[in-house]
Amino acid sequence: MKTLLLTGFEPFLSFTINPTMKIVEELDGQTIGEYRIVGKTMTVDFARSGNQLLEFIRETKPDAVVSLGLAGGRTKITPERVAINVKDGDADNEGHKPVDESIQMDGPAAYMSTLPIREMVDKLNESGFPATISNTAGTYLCNNVMYEALHYVKTNNLSIPSGFIHIPASHELAIEHGNIASWSHNDLLESISICLSVLSK
């Protein structure tokens, strides 16, 4: 049985709930296709999250790495195409607000996802779940951990697929925030399960 490391994030900024955290907790220990899921939740902390993810990779020695993030305001499931070598954005949960910082000083400008993102999007749409490829993961924590994982895989000559998927807000968050697009938790959970099932094909 292969192992898939699935990560999510704790709540952050004005989002007191993070649906990625619930998804990761529920899928932890489950089997999807040929993968046993190991679910881990990360801190929203520029100084720690990258190393935290790398520790999870070294600890679990996964055959695939998929990280999840909340994109409040997006209406579709959006696998990310590219991660860029930049930290810049709102303050993290520790109050750190980087400006134009590199994630890896000696790293390339960008890495492309090695997940089968087109197949994921096609399968989601076929299954009735709106999805599209995103060409920007931003410059906040989501981009940060996507870049860190791909950099680690590349520099250690590992042949494991790695990448990032953004999800819309849950209905719980929409109740809190008012006018924000949202999906039910069950639909979010099923959509991510479909994405992970594509890795087994």
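In what follows, the accompanying structure is described.

## Comments concerning the overall build of the protein chain
Then, number 1: In terms of regular secondary structure, the protein chain is built from six helices and 10 strands.
Then, number 2: Relative to the compact-globule value of 17 Å for 201 residues, the protein chain shows a C-alpha radius of gyration of 16 Å, a close match.
Then, number 3: With the C-alpha coordinates aligned to their principal axes, the bounding extent of the protein chain is approximately 40 × 40 × 25 Å.
Then, number 4: The buried share among the 201 residues of the protein chain stands at 53%.
Then, number 5: Within the protein chain, contacts between residues separated by at least 24 positions form 78% of all contacts whose residues are at least 6 apart in sequence.
Then, number 6: A total accessible area of about 8800 Å² is found for the protein chain, and carbon and sulfur atoms account for 48% of it.

## Quick notes on the pairing of strand β1 (residues 2–9)
In the case of a regular strand, side chains alternate between the two sheet surfaces.
Then, number 1: Here β1 lies mainly inside the structure; seven of its eight residues are buried.
Then, number 2: Where β1 and strand β3 (residues 35–42) come together, eight bridges link them in parallel fashion. By the bridge assignment, L6 is partnered in β3 with G39.
Then, number 3: Pairing of β1 with strand β4 (residues 64–70) involves four bridges; the strand directions are parallel. Bridge pairing links L6 to V66 in β4.

## What about the packing of aromatic side chains?
Between two aromatic rings, the relevant description is the distance of the centres plus the angle of the planes.
Then, number 1: Going through the model one piece at a time under the given rule, you end up with three aromatic pairs.
Then, number 2: Measuring from ring centre to ring centre gives 5.0 Å for Y111 and Y147, while their planes differ by 55°; the resulting arrangement is tilted. With Y111 in strand β7 (residues 110–112) and Y147 in helix α4 (residues 141–155), the pair connects residues that are 36 residues apart, well separated along the chain.
Then, number 3: Classification of Y111 as buried rests on a relative accessible area of 11%.
Then, number 4: Overall, Y147 belongs to the buried group, its relative accessible area being 0%.
Then, number 5: Aromatic side chains F129 and W183 sit 6.1 Å apart centroid to centroid with 25° between the ring planes, which places their arrangement in the stacked category. Taken together, the residues span a long stretch of sequence, with F129 in the loop between α3 (117–126) and α4 and W183 in strand β10 (residues 182–183) at a distance of 54 residues. Exposure class is identical for F129 and W183. Each is buried.

The rules we used
- Residues numbered from 1 in each chain as written.
- Predicted model: local features only at pLDDT ≥ 70, side-chain atom pairs only at ≥ 80, totals over all residues.
- Heavy atoms only, no water.
- Helix = DSSP H or I, 4+ residues; strand = E, 2+ residues; numbered from the N terminus.
- Rg over C-alpha atoms; globule rule 2.2 N^0.38 Å.
- Buried < 20%, exposed > 50% of the residue type's maximum accessible area, 1.4 Å probe, protein only.
- Contact = heavy atoms within 4.5 Å.
- Areas by Shrake-Rupley, 256 points an atom, 1.4 Å probe, with all protein chains shown as cover.
- Pairing = 2+ DSSP bridges.
- Phe/Tyr/Trp six-rings, centres within 6.5 Å; stacked < 30°, edge-to-face > 60°.

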